[in-house]
Amino acid sequence: MHPTLDTLDTPAAIIDVARMQHNIDRMQQRMNALGVRFRPHVKTSKCMPVVRAQLDAGAQGITVSTLLEAEHFFAEGVTDILYAVGMAAHRLPHALALRRRGCHLKILTDSVASAEAIAKFGRASGEAFEVMIEIDTDGHRSGIAPEDAVLLEVGRALHDGGMRLAGVLTHAGSSYELDTAEALAALAEQERAGCVRAAERLRAAHLPCPVVSIGSTPTALSAATLDGVTEVRAGVYVLFDLVMHNVGVCTTDDIALSVLTTVIGHQNTKGWAIVDAGWMAMSRDRGTQKQRRDYGYGQVCTMAGTVLPGYVLSGANQEHGIVSREGEPDADIAMHLPIGTRLRILPNHACATGAQFPEYRALSEDGELAAWARFHGW
Ligand SMILES: Cc1ncc(COP(=O)(O)O)c(C=O)c1O
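All of these numbers come straight from a predicted model, not from anything done at the bench. (Residues numbered from 1 in each chain as written. Predicted model: local features only at pLDDT ≥ 70, side-chain atom pairs only at ≥ 80, totals over all residues. Heavy atoms only, no water.)

Draft legend 1. Geometry of the sheet that holds strand S4 (residues 80–86). Here we have eight strands laid out as an open sheet, ordered S2-S9-S8-S7-S6-S5-S4-S3, and parallel in their pairing. At either margin of the open sheet sits one strand with a lone partner, and together these are strand S2 (37–38) and strand S3 (62–64). Across four bridges, S4 lies against strand S5 (residues 104–109) in parallel orientation. Opposite Asp80, over in S5, you have His104 as the bridge partner. Lying on the sheet, helix H6 (residues 150–159) is in contact with S5, strand S6 (130–135) and strand S7 (164–170); it crosses S6 at an angle near 175°. (Pairing = 2+ DSSP bridges. Helix = DSSP H or I, 4+ residues; strand = E, 2+ residues; numbered from the N terminus. Contact = heavy atoms within 4.5 Å. Axes fitted to C-alpha atoms, helices over the stretch in contact; angles between N-to-C directions.)

Written as structure tokens, this is what we have:
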């Protein structure tokens, strides 16, 4: 007997398959219309059935954040993999082993020191690594500014050092701080223009730069044109979450991940229902705290997935969560949400919440709950 939402042990991470598929189709159609190749970032799900659905919809290759992800997806038959975290020299033997086994692994750098280490190791082992240069287009994190002289130094260290300069890559992660269509469109254009400019500078210096790879979910969904871009990456769009809802790129009805939980007690005078999903289930991510609407640790929905307006997971201990109503406390919460009631909580950050669970439960429209394994670690 397959479990149902009524019988599954809680807490459990539920993926609404119809919503996920809708999100996949929305992004893929947008990328097709903009004429670019789409390379999803799979760190969001770390789950093969999710990635299979992305590839089936038209994605070409994947982006990963750890070499363990590369190992897992390569073992499942995915060969075109971009490892989009700056390369640390001690990981080069692992990257080499993957390439020797037939994985078309691309790696990333944003410094002369790292580029030289890659070239040195590559030459010593007879491997021309495919290397992307990370570009900083919004001051958010790592990367080289498009106009920085270091860009050409890194390009030369790789190219003259015998490596294959595969292209430039940027991720405008500051898009998470925005919440208007105008600001998102402006940042998407800044991301595009900065990365294209970096590619032009490399080419003008007679260095190869075939790939121009950009992307975050908010900018991918806000770009008006992608002239000069060859590839877009996005990750969290596949499940969406409350942070993305606050940014303005999805509705709560698009959020495909929720945590199934059971009411296990009440504090009537406080208007609290206690549930068995604390931060071990939701994660400690409070990404909505600084946004236009703070959802605490998550938005409360009925077991069927309908949002209960005003009810949030306002507190989280390790295994206990506190459900309460915003504004005036619900004095009758024990009547409205009696012991044993099952609820679903929409997460602030889908990647962080998913990472709390060893598997997802994939909810299909007929109510079936298939087990979808996800993996952990580095
Ligand atoms: C290098 C890189 N590319 C793409 C992404 C995908 O961003 P998002 O999850 O906003 O789509 C990330 C996410 O952090 C990233 O680090």
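Draft legend 2. Representation of the packing of helix H4 (residues 92–100) against helix H5 (residues 112–124). Close contact between H4 and H5 brings their axes to 11 Å; oriented N to C, the two are set at 50°. Taken together, the axes of H4 and H5 lie oblique to each other. Taken as a pair, H4 and H5 cross one another with a handedness that is right-handed. Contacts between H4 and H5 involve Leu92, Pro93 and Leu96 on the former and, on the latter, Ala117, Ile118 and Phe121. Considering only residue class, the contact of H4 with H5 consists of six nonpolar, no polar and no charged. (Parallel < 35°, antiparallel > 145°, perpendicular 65-115°, else oblique. Left-handed = near helix turned anticlockwise from the far one by under 90°. Nonpolar A, V, L, I, M, F, W, Y, C, P; charged D, E, K, R; others polar.)

Draft legend 3. Examining the packing of aromatic side chains more closely. On inspection of all chains with the given rule, the structure shows three aromatic pairs. Between Phe38 and Tyr237 the ring centres are 5.5 Å apart and the planes differ by 75°, which places this aromatic pair in the edge-to-face class. Residue Phe38 is found in strand S2, and its partner Tyr237 is found in the loop between strand S9 (231–232) and helix H9 (242–247); the two are separated by 199 residues along the sequence. Sitting over the face of the ring of Tyr297, Arg286 holds its NZ or CZ atom 5.6 Å from the ring centroid. (Phe/Tyr/Trp six-rings, centres within 6.5 Å; stacked < 30°, edge-to-face > 60°. Lys NZ or Arg CZ within 6 Å of the ring centre and 35° of its normal.)

Draft legend 4. Just H5, in detail. Here H5 contains 13 residues, and its C-alpha end-to-end distance of 18 Å stays within 8% of the 18 Å for a straight helix at 1.5 Å per residue. Every buried residue of H5 is listed here: Ser114, Ala115, Ile118, Ala119 and Gly122. Taken end-on, H5 shows its buried residues confined to a sector of 135°, consistent with a single buried face. Of the residues in H5, the exposed ones pointing more than 90 degrees away from the buried face are Ala113, Lys120, Arg123 and Ala124. Next to the buried residues of H5 lie H4, S5, S6 and H6. Positive backbone phi, approximately 70°, marks Gly126, located one or two places after H5. (Expected span 1.5 Å × (residues − 1). Buried < 20%, exposed > 50% of the residue type's maximum accessible area, 1.4 Å probe, protein only. Arc of directions from axis to C-beta.)

Draft legend 5. Representation of the pattern of salt bridges in the model. Considering all chains together, one arrives at 18 salt bridges under this definition. As a salt-bridge pair, Arg37 and Asp80 come within 2.5 Å of each other at their nearest N and O atoms. Linking Arg37 in strand S2 with Asp80 in strand S4, this pair joins segments that are 43 residues apart in sequence. The salt bridge involving Arg100 is made with Glu127; its shortest N-O contact spans 3.7 Å. A residue pair is termed long-range when its members are at least 10 positions apart, and Arg100 in helix H4 and Glu127 in the loop between H5 and S6 qualify at 27 residues. Ionic contacts of the salt-bridge type, sharing partners, join the residues Arg37, Arg39, Asp80, Arg99, Arg100, Lys106, Glu127, Glu130 and Glu231 into one network. (Salt bridge = Lys/Arg side-chain N within 4 Å of Asp/Glu carboxyl O.)

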